[in-house]
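Here is how the chains run, residue by residue.
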Amino acid sequence: MTQEPMTQQNATETLQAWLNQFDSALTSGDIAQVTALFSDDCYWRDFLTFTWNLKTCEGREEIRAMLEATLGHTQPRDWQLKGEATQSDAVCEGWVTFNTAVASGKGYLRLKNGKCWTLLTTMQALDDFPEPLNHQRPKGAEHGANKQRETWQESRAREEAELGYTQQPYCVVIGGGQGGIGLGARLKQMDIPTIIIERNPKAGDSWRNRYKSLCLHDPVWYDHLPYMPFPENWPVFAPKDKLGDWLEMYTKVMELNYWSSTECQGAHYDDAAGEWVVKVNRAGEEITLRPQQLVMATGMSGMPNVPNFPGAENFQGEQQHSSQHPGPDAYKGKQCVIIGSNNSAHDIAAALWEHDADVTMVQRSSTHIVKSDSLMEEVLGPLYSEQAVENGLTHDQADMLFASIPYKVLPEFQRPAFDTVRKRDADFYQRLEDAGFLLDFGDDDSGLFLKYLRRGSGYYIDVGACELVASGDIKLRSGVGIEHINPHSITLSDGSELQADLIVYATGYGSMNGWAARLISQEVADKVGKCWGLGSDTTKDPGPWEGELRNMWKPTQQQALWFHGGNLHQSRHYSHYLALQLKARMEGLETPVYGLQPVHHTA
């Protein structure tokens, strides 16, 4: 007799029945019964609800150990399926809600052959400290008569005058780019007194100051900020200055305490007082801030990587890191050499070619290339696209769905999509290889996002520059290194020479803890260790396996020091969990951290 295919109704009943057993076993404290509900190959990814950490437990033994340490104080209950389950092959899946002793939670569950394969649990809100949203929104107007009435404008002016002077912030965020702004909005809504430190004169300048052709390579549906999505007429790929203007506007309307033209000169943790001592220069005024929490929001990257090639000090032309490149206008007819072959390298090379420069790209190692439209349609489209929106999928739901895939199994989810891309664009890739370009799809063929998570480099989302490389309009020297920089040329490792008026080092960035070394101390930077990467033991991501991104959005080995960064999607989603951790600490809640990550690499 053949088995009847599972219907949506059966899948829903199966998931709810599993949740009922799960709820009962957790309530009774029967950890053996809980782990028996999981398959041999299983993953539980928890954001704060059990662990007060971002932690993935892999296998029954890790789940058992986590529950033994956390179940008593977590007190989970009321596990319910939200909406209908879906079924595909042997996997049925759906959304779940639950509560803990202090918070409400939301998650996503996948069963394979009746047992749990993957479970995501996330904290959504602290019960006693809800955000002022929807039914909790502020009234704004104060009705009635009041001789001591303070208008909204007067209240804002008082807050700006007091915070950092007569009142200390609970949190200081160093870095006022997209990450610091998005996190600042979360902290503001949670009523956490916060100052954002930004050395540029205006919010958005970190985008405005980049090379003139820069646009986002990720589509609009992927890039919304918290609370305030881009409007429906926003371009798919936002130009840098338009995004800069949006960030400036957002900072104002979200009422952030944003100290522009302010530079952090140093910080140290005062163990006795339980606070940071942060010295800043605000438009020439020396100020000492004493927050209890310090967040480094300097992007997912650290200090620019500028190679120290022999002879560079004698070069007679211009040389600059890609982060300092002003744009192509001054280089018409000049011989320009780009060291690197990733996103910035291609963007800058194409813009220089458009302005009639003679451009050569030096590719020292292979690069993953994916065409923008292929990425959107085959990889991002199911979660982040106009079609996804029409299908009723919000960007917040898309964020959760993506997070529901543990990093250990993410390659098997991503590989089929990039296999399709490889076949779809086979002619394109062949033309690039014929031009000598060194291509890869990651060490295990899992594509762009795994490369991004593992090393934050090694890829380009093609928006046109690759055609110039394939045609030879952008000249290419691949598989070579830099032997020596001469006054007017570069000697490559094969002995050949490139004439150069301009050298652009599109050579990426170091780990974020480089900023900690500069602003705090090398000792603290080494104490927290390398930021970013999964320990996949692939190129530039040495093991051991970590299970989550190192140090990002979660407690570190340095008390009260946090790291926030990533692309707009990650900044939006993970800022929620970082803000909840800071709120819980500010309100004095118990936050016992399970699985604080050990340090395996200092840089």
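Just so it is clear, the model here is predicted, and its values are computed rather than measured. (Residues numbered from 1 in each chain as written. Predicted model: local features only at pLDDT ≥ 70, side-chain atom pairs only at ≥ 80, totals over all residues. Heavy atoms only, no water.)

> When you look at the overall build of the chain in this model, what are you seeing that I'm missing?
Each helix and strand counted, the chain has 18 helices and 24 strands in total. Over its C-alpha trace the chain gives a radius of gyration of 26 Å, about what one expects of a compact globule, namely 25 Å for 603 residues. Over its C-alpha atoms, taken along the principal directions, the chain stretches across nearly 80 × 75 × 45 Å. Residue pairs in contact within the chain that sit at least 24 positions apart in sequence constitute 66% of those at least 6 positions apart. Per element, the accessible surface of the chain, about 25,700 Å² overall, is 47% carbon and sulfur. Charge separation in the chain, taken as the distance between the mean sites of 53 positive and 79 negative side-chain charges, equals 3 Å. (Helix = DSSP H or I, 4+ residues; strand = E, 2+ residues; numbered from the N terminus. Rg over C-alpha atoms; globule rule 2.2 N^0.38 Å. Contact = heavy atoms within 4.5 Å. Areas by Shrake-Rupley, 256 points an atom, 1.4 Å probe, with all protein chains shown as cover. Lys, Arg positive; Asp, Glu negative; His and termini not counted. Charge placed at Lys NZ, Arg CZ, Asp CG, Glu CD.)

> Can you walk me through the pattern of salt bridges in this structure?
Where charged atoms from two side chains of opposite charge come close, those side chains can pair. According to the stated counting rule, one finds 32 salt bridges in the structure shown. The shortest N-O distance in the salt bridge between arginine 290 and glutamate 275 comes to 3.1 Å. Here arginine 290 is found in the loop between β12 (285-289) and β13 (293-296), whereas its partner glutamate 275 is found in strand β11 (residues 275-282), with 15 residues between them in sequence. Since its relative accessible area comes to 18%, glutamate 275 is described here as buried. Note that arginine 550 and glutamate 546 form a salt bridge whose closest N and O atoms lie 3.2 Å from each other. The exposure class assigned to arginine 550 is buried, which follows from its relative accessible area of 4%. For glutamate 546, a relative accessible area of 13% translates into the label buried. (Salt bridge = Lys/Arg side-chain N within 4 Å of Asp/Glu carboxyl O. Buried < 20%, exposed > 50% of the residue type's maximum accessible area, 1.4 Å probe, protein only.)

> Could you clarify how one ought to interpret helix α9 (residues 372-380) in this entry?
Along an α-helix, a turn takes 3.6 residues, which lines up residues three or four apart on a common side. Regarding α9, the residues found buried are Ser372, Ser374, Leu375, Val379 and Leu380. Within α9, the buried residues cover an arc of 150° as seen down the axis, which keeps them to one side. Close packing links the buried residues of α9 with β17 (368-371), α12 (410-424) and β18 (459-462). (Arc of directions from axis to C-beta.)

> Please explain the pairing of strand β10 (residues 262-270) as it appears in this structure.
Looking down a regular strand, the side chains alternate between one sheet face and the other. Relative to β11, β10 is paired through 8 bridges, and the arrangement is antiparallel. Bridging across to β11, threonine 262 finds its partner in arginine 282. In textbook terms, the turn of a hairpin is the stretch between consecutive antiparallel strands, and for β10 and β11 this stretch comprises 4 residues, one of which, glycine 274, has a positive phi near 70°. (Pairing = 2+ DSSP bridges.)

> Is there a simple way to think about the side chain of glutamate 131 in this case?
Mapped onto the secondary structure, glutamate 131 falls in the loop between β6 (115-126) and α4 (152-162). Despite its burial, glutamate 131 pairs with no opposite charge, the nearest such side chain being arginine 186 at 5.1 Å. There is a polar contact of 2.6 Å between the side chain of glutamate 131 and the side chain of tyrosine 227. Ignoring anything within four residues of it in the chain, the contact list for glutamate 131 reads Gln136, Gln189, Met190, Tyr227 and His576. (Polar contact = N/O pair within 3.5 Å; in protein donor to acceptor, adjacent residues only side chain to side chain.)

> When you look at the pairing of strand β1 (residues 38-47) in this model, what are you seeing that I'm missing?
Of all the 10 residues making up β1, 8 are buried; the element is thus mostly covered by neighbouring parts of the structure. Relative to β6, β1 runs parallel, the two sharing 6 bridges. Among the inter-strand pairings, aspartate 46 is bridged to a residue of β6, identified as threonine 121. With 5 bridges connecting them, β1 and strand β2 (residues 54-58) associate as antiparallel partners. Counted as the bridge partner of tryptophan 44 is cysteine 57 from β2. Linking two consecutive strands that pair antiparallel, namely β1 and β2, is a turn of 6 residues; a positive phi of about 80° is found at leucine 48 within it.

> Explain the environment of alanine 351 here, please?
Inspection of the secondary structure puts alanine 351 in helix α8 (residues 343-354). Residues alanine 351 and alanine 465, 114 residues apart in the sequence, show an inter-C-alpha distance of 8.8 Å.

> Just to check I follow, could you spell out the sheet that holds β13 for this structure?
Two orientations exist for strands paired in a sheet by backbone hydrogen bonds: parallel and antiparallel. Reading across the sheet, the 5 strands line up as β9-β8-β7-β13-β24 and stay open at both edges, with parallel pairing between neighbours. The open sheet has two edge strands, β9 (258-259) and β24 (561-563), and neither has a second partner. Note that strand β7 (residues 171-174) and β13 share 4 bridges and pair parallel. Bridge pairing in β13 places valine 172 opposite leucine 294.

> Explain the packing of aromatic side chains here, please?
Any two aromatic rings considered together are summarised by their centre-to-centre distance and by the angle between their planes. This model, assessed by the stated rule, comprises 28 aromatic pairs. Between the aromatic rings of tryptophan 234 and tryptophan 246, the centroid separation amounts to 5.0 Å while the plane-to-plane angle is 65°, which identifies the pairing as edge-to-face. A residue pair is termed long-range when its members are at least 10 positions apart, and tryptophan 234 in the loop between α6 (205-208) and α7 (240-253) and tryptophan 246 in helix α7 qualify at 12 residues. For the pair formed by tryptophan 234 and tryptophan 246, the shared burial category is buried. Centroid distance phenylalanine 449 to tyrosine 452: 5.4 Å. Interplanar angle 45°. Geometry classified as tilted. (Phe/Tyr/Trp six-rings, centres within 6.5 Å; stacked < 30°, edge-to-face > 60°.)

> Would you explain unusual backbone geometry in this entry?
Of all residues except glycine, most have a negative phi; of all peptide bonds, most are trans. Across the junction of glycine 543 and proline 544, the peptide omega takes the value 5°, indicating a cis bond. Residue placement: proline 544 occurs in the loop between α17 (522-528) and β24. Not every positive phi belongs to a glycine, and serine 261 is a case in point at roughly 50°. Residue placement: serine 261 occurs in the loop between β9 and β10. On the basis of relative accessible area, serine 261 is assigned to the partly exposed category, the value being 32%. Despite not being glycine, tryptophan 553 has its phi angle at roughly 65°, a positive value. With respect to the helices, strands and loops of the structure, tryptophan 553 is situated in the loop between α17 and β24. Under the relative-accessibility criterion, tryptophan 553 is labelled buried at 2%.

> Before we go on, may I ask you to explain the packing of helix α11 (residues 395-403) against helix α18 (residues 568-586) in this structure?
When two helices pack together, their arrangement is given by the angle between the helix axes and the distance between those axes. Running from N to C, α11 and α18 point in directions that differ by 85°, and their axes come no closer than 11 Å. Relative to α18, the element α11 is oriented roughly perpendicular. In this structure, α11 contributes His395, Asp399, Met400, Phe402 and Ala403 to the contact, and α18 contributes His569, Arg572, His573, Tyr574 and Tyr577. Here the residues of the contact of α11 with α18 sort into 5 nonpolar, 3 polar and 2 charged. (Axes fitted to C-alpha atoms, helices over the stretch in contact; angles between N-to-C directions. Parallel < 35°, antiparallel > 145°, perpendicular 65-115°, else oblique. Nonpolar A, V, L, I, M, F, W, Y, C, P; charged D, E, K, R; others polar.)

> Where do I start with α11 in this structure?
Buried residues dominate α11, accounting for 7 of its 9 residues. Regarding α11, the residues found buried are His395, Ala398, Asp399, Met400, Leu401, Phe402 and Ala403.

> When you look at the packing of α12 against helix α14 (residues 448-455) in this model, what are you seeing that I'm missing?
Following both chains from N to C, one finds α12 and α14 inclined at 140°, their axes separated by 9 Å at the closest point. Considering the angle they form, α12 stands oblique to α14. Contacts between α12 and α14 involve Leu410, Pro411, Gln414 and Phe418 on the former and, on the latter, Leu448, Phe449, Leu450, Leu453 and Arg454. Classifying every residue of the contact of α12 with α14 by side-chain character gives 7 nonpolar, 1 polar and 1 charged.

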